[in-house]
Each structure stands twice: as C-alpha cells, then as structure tokens.
Number of protein chains: 2
Amino acid sequence: MPALPPAFDKLVTLLSRLPGIGQRSATRLAFFIIAEPANYAKTLGQSLVESVDHVRYCADCHTLCEDERCSICRDPTRERGMLCVVETVQDLLAFERTGAYQGLYHVLHGALAPLKGIGPSRLKLDNLEDRVATQGVTEVIVATNADVEGEATALYLAKRLKPLSVSTTRIATGIPMGGELEYIDQTTLSRALSGRVALDV
Amino acid sequence: MPALPPAFDKLVTLLSRLPGIGQRSATRLAFFIIAEPANYAKTLGQSLVESVDHVRYCADCHTLCEDERCSICRDPTRERGMLCVVETVQDLLAFERTGAYQGLYHVLHGALAPLKGIGPSRLKLDNLEDRVATQGVTEVIVATNADVEGEATALYLAKRLKPLSVSTTRIATGIPMGGELEYIDQTTLSRALSGRVALDV
C-alpha cells in the first residue's frame, strides 16, 4: 500500500503526542496544516521554537515568564507577606482575574497523587520553605483544588510548613455563589455547614 | 492583570487556528509543549516547516506526495484505464487498504456544497478531462461520499464527463456487510432494493 509522504507521517506522529490528540485527530490536523497557506506552518513552527527558547519558569514562583523573575514577583506593590500556593499557572490566572488578591504566588505544577507516582519531588517545592523563611512571608494560603489530590497536597504542605512560624490557611469550601441547595452535592453541603461563619450585623 | 509571556500567547493563538482546537484546548496544548523537554517543540517546529517544504500535491491525481507525481501515478503495474474519483486523500487510502482496486485515482479535495460557497472551481477538477482524454481512461468511478454533497458532486461529474467517450460509474449504495436489516435506515434500504442484482448460480 503506498504510504503518505514520510514528512507527513512524521508530522502526524509528533502531533499525536499532544494531549487529547489521537492518531485520527493528528491526521486531520496535518491535512489542515498542509492545505493552509505555507506561512501558517512556518509561523507555527517558528513560534514553537521561540516559545521554548523564550518562555521559562519564574525562579521564585514558577509561573511562566520571559525573564528570570515574573512580573508579579517583581511588582513592588504586591504584598510580600502572603503566598498563595496553586497547582497550575491557569489557577494563578484565575485568581488574578478576580482582582481580589494582592499577594504573591507559588505554582506547584501539579498535586500529590501517590497512585500515579507523583510524590513531593515531582512538585516545584524546593524553594518554598526558603521563600517563606527569607522573604518575610506571614501567611501561606493553600489554594489547591478541592479534590482528593488537592486536599492531600494541602495537608502535606500544612505539615511541611509547621516548623516555620507561618500561618497556613486553606481557601474556603462551601456552596458556590448562585448555587441552589437542592442541587449541591452532599459533601459540599456538609462542608458548607461545618464551615459556617457568624453573621455579624 | 499580568499576562502570560507574549511568545506563549502567540503560540496559543496559532494553535487555536487548528480545526477543533478552541482557545482553551490551545492553551492546554501550549502548556503541555512548554512542559515537555525542549526538543519536542523544536522537532515539531522543524517537522512543520519540512512538511510544507517537502509535501505537495501530485500533478496528476492531487494526492499528497514528495515528488511531482505520486507513487500510484508512477506505478507501471496500475491499470491506467480506470480512474477512481474520491473527495479526500483519506478516502484514497481507504480504497488502497482494501487492495481491491488497481486503477488510478483523482482526489477532488472536497465536494460541491453551494450553500457553503464551494463550487466546481474550489475542487481539483482542472486536469480531470485532460487526464481522461489523454491517458486512455475508459471508466471513471465516482467514489464520493453517499451524502448530499457527494451525490451532487457525482451528478455534476457525470454531466461534465458526458461529452467524453468514457463510462462514468458510481460505487454501489446498499446495506453494509454485517448490516442487520432491522437497523438499516429507510433510504439505504430502498436504495439496496432498487439496486438489486441477479444471483447467477
């Protein structure tokens, strides 16, 4: 059977390594790329090379940046006493979109998942204690996801940070804004109940 | 709000132009690419450039190839009197996998769809008559899809090829092998009925 050109097959193989892209999707993408004006493939190719050449992780918080330290870590107006620990860069961006947080971040790039073989050494934790100890951090807010991995990571961090004189807090779990109690799952509802706060009027 | 590095944003924008990849998927792919060892991005980048540099359309049948003519068109053992017209390169490959066809192909790269603005000029039809007239073609098998666009394209081709002394045929429609009549749709079943053939035993 006559195969497709080797250069095409190679492109399909490389594209199929992307997450969520199987052999069939990769073939469809490759056909699209070939059918586009050639400068699309060339611009994308160049952009890929540039992105790995120019984009790196901030030496302090491990978010993506182009310099040694990111714009948040370098911003003198941010409160340097607060450190919000998140799992991913996307989570950091979600907090930034709220505009409600003025402290610094620490991106773990994952969460503990012993069953998947992801232990503390796979997370960006090396410099966390150092940051807390030397940068005058008074509160570490653990903002990992509210799933099994995120909760386990939060407990692990609380234990690990205990020897340091820092307050470790966890973001609140409860019913989301606009949530109708009838449709909220049991775990969330019981958490919302036990985490009730006084209405000071 | 601090943005992500411009090189990263550019990569996301370019990836989101791919079919079926929205902004969110493109961001996920870009994060994956950044987290992979750098040689993945570089190899993929190089492969993109190579694919448009080396892959082109066969001057005769318009399938993908690396030379002026594809290996099927150059193969002296193929029956040059038969031309199978297909919509896409994937369809050509599907026929090749059967091993049941020994003639040549003609890839249209689409089908007529007036509502989407796809007329005959958008298909690779320029050299079809020329091939039929000069390459001793005796039968053109129209193997476009059995949907509205494919059927319309088949009728169009039959009309267009009428002036040439060539037999134009359409691949059979009917119940697929292993099909259970109970679950076959009405159109397919009535087509299978009207297209019945004599059982010569």
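Predicted model only: the values in this text are computed from it and were never measured. (Residues numbered from 1 in each chain as written. Chains lettered and ligands numbered in written order. Predicted model: local features only at pLDDT ≥ 70, side-chain atom pairs only at ≥ 80, totals over all residues. Heavy atoms only, no water.)

Draft legend 1. Highlighting the sheet that holds strand β6 (residues 167–170) of chain A. Residues and elements named next belong to chain A. Here we have 4 strands laid out as an open sheet, ordered β4-β3-β5-β6, and parallel in their pairing. The open sheet terminates on both sides in strands that have one partner only, identified here as β4 (103–107) and β6. This sheet shows a mean twist of 25° between the axes of neighbouring strands, independent of strand direction. Strand direction decides the pairing type here: strand β5 (residues 139–142) and β6, joined by 4 bridges, are parallel. (Pairing = 2+ DSSP bridges. Helix = DSSP H or I, 4+ residues; strand = E, 2+ residues; numbered from the N terminus. Axes fitted to C-alpha atoms, helices over the stretch in contact; angles between N-to-C directions.)

Draft legend 2. A look at the packing of aromatic side chains. Under the criterion given, the structure shown has 6 aromatic pairs over all chains. Ring plane angle 85° and centroid distance 6.2 Å describe the contact between Phe32(A) and Tyr40(A), whose orientation is recorded as edge-to-face. (Phe/Tyr/Trp six-rings, centres within 6.5 Å; stacked < 30°, edge-to-face > 60°.)

Draft legend 3. Expanded view of the domain arrangement of chain A. Split by domain assignment, chain A resolves into domain 1 (6–54) and domain 2 (64–198). The distance between the C-alpha centroids of domain 1 of chain A and domain 2 of chain A comes to 35 Å. (Domains from an automatic or database assignment.)

Draft legend 4. Just the interface of chain B and chain A, in detail. At the junction of the two partners, chain B supplies 50 residues and chain A supplies 50 residues. Where chain B packs against chain A, one counts 6 salt bridges. At the surface where chain B touches chain A, the tally comes to 7 residue pairs in polar contact (both at pLDDT 80 or more). Elements with a contribution of two residues or more to the side of chain B that touches chain A: α1 (6–15), α2 (23–35), α3 (38–54), β2 (64–65), α4 (71–74) and α5 (89–98) of chain B. Element by element, the count of residues in the side of chain B that touches chain A is highest for α3(B), at 15 residues. (Contact = heavy atoms within 4.5 Å. Salt bridge = Lys/Arg side-chain N within 4 Å of Asp/Glu carboxyl O. Polar contact = N/O pair within 3.5 Å; in protein donor to acceptor, adjacent residues only side chain to side chain.)

Draft legend 5. Quick peek at unusual backbone geometry. With a phi angle near 70°, His62(A) is a residue other than glycine that sits in the positive phi range. Relative to the elements of secondary structure, His62(A) occurs in the loop between β1 (56–57) and β2 (64–65).

Draft legend 6. Looking closely at the side chain of Arg131(A). Residue and element names in this part refer to chain A. Within the secondary structure, arginine 131 sits in helix α6 (residues 128–134). In this structure, arginine 131 is buried with no salt-bridge partner, the nearest side chain bearing the opposite charge being aspartate 60 at 4.7 Å. Within the structure, arginine 131 has its side chain in polar contact with the side chain of histidine 106 (distance 3.1 Å). The contact partners of arginine 131, leaving out residues within four places of it in the chain, are Asp60, Cys61, Cys73, Leu83, Leu104, Tyr105, His106, Gly136 and Val137. (Buried < 20%, exposed > 50% of the residue type's maximum accessible area, 1.4 Å probe, protein only. Lys, Arg positive; Asp, Glu negative; His and termini not counted.)

Draft legend 7. Expanded view of α3(B). In a regular helix each residue adds 1.5 Å, so 17 residues correspond to 24 Å; α3(B) covers 24 Å between its end C-alpha atoms and thus fits that length. When α3(B) is considered as a whole, its buried residues turn out to be Tyr40(B), Ala41(B), Leu44(B), Gly45(B), Ser47(B), Leu48(B), Ser51(B) and Val52(B). An end-on view of α3(B) places all buried positions within 160° of arc, on one side of the element. Elements that come into contact with the buried residues of α3(B) comprise α1 (6–15), α2 (23–35) and α3 (38–54) of chain A together with α2 of chain B. (Expected span 1.5 Å × (residues − 1). Arc of directions from axis to C-beta.)

Draft legend 8. Inspection of the confidence of the model for chain A at higher detail. Considering every residue of chain A, the mean pLDDT works out to 91; 99% of them sit at 70 or more. Across chain A, the element-wise mean pLDDT spans from 87 in helix α8 (residues 186–194) of chain A up to 95 in β4(A). (pLDDT = per-residue confidence, 0-100.)

Draft legend 9. Spotlight on the pattern of salt bridges. Counted by the stated rule, this structure contains 22 salt bridges over all chains. Residue Glu36(A) pairs with Arg17(B) through a salt bridge whose shortest N-O separation is 2.9 Å. With Glu36(A) in the loop between α2 and α3 and Arg17(B) in the loop between α1 and α2, this residue pair bridges two chains. Looking at Arg17(B), the relative accessible area reads 45%, which means it is partly exposed. Notably, a salt bridge pairs Asp67(A) with Arg74(A), separated by 3.4 Å at the nearest N-O pair. Each of Asp60(A), Glu68(A) and Arg69(A) takes part in one network of salt bridges that share partners.

Draft legend 10. Representation of the nonpolar core. Counting residues in hydrophobic clusters, the biggest one holds 109 residues, and the most contacted among them are Phe8(A), Leu15(A), Val140(A), Phe8(B), Leu15(B) and Val140(B). Apart from the residues lying within four places of it in its own chain, the contact partners of Val140(A) are Leu83(A), Val85(A), Val132(A), Leu161(A), Val166(A), Ser167(A), Thr168(A) and Thr169(A). (Core = buried A, V, L, I, M, F, W, Y, C linked by side-chain atoms within 4.5 Å.)

Draft legend 11. Main features of the relation of the copies chain B and chain A. Once chain B has been moved 0.0 Å along the axis and rotated by 180°, it coincides with chain A to within an RMSD of 0.1 Å. Given the turn and translation reported, the copies of this chain are related as if by a two-fold rotation axis. Closest approach to the rotation axis within chain B is made by the C-alpha atom of Gly45(B), at a distance of 1.8 Å. When the interface residues of chain B are mapped onto chain A, 100% of them are again interface residues, pointing to one common binding face. (Least-squares fit on C-alpha atoms with pLDDT ≥ 70 in both.)

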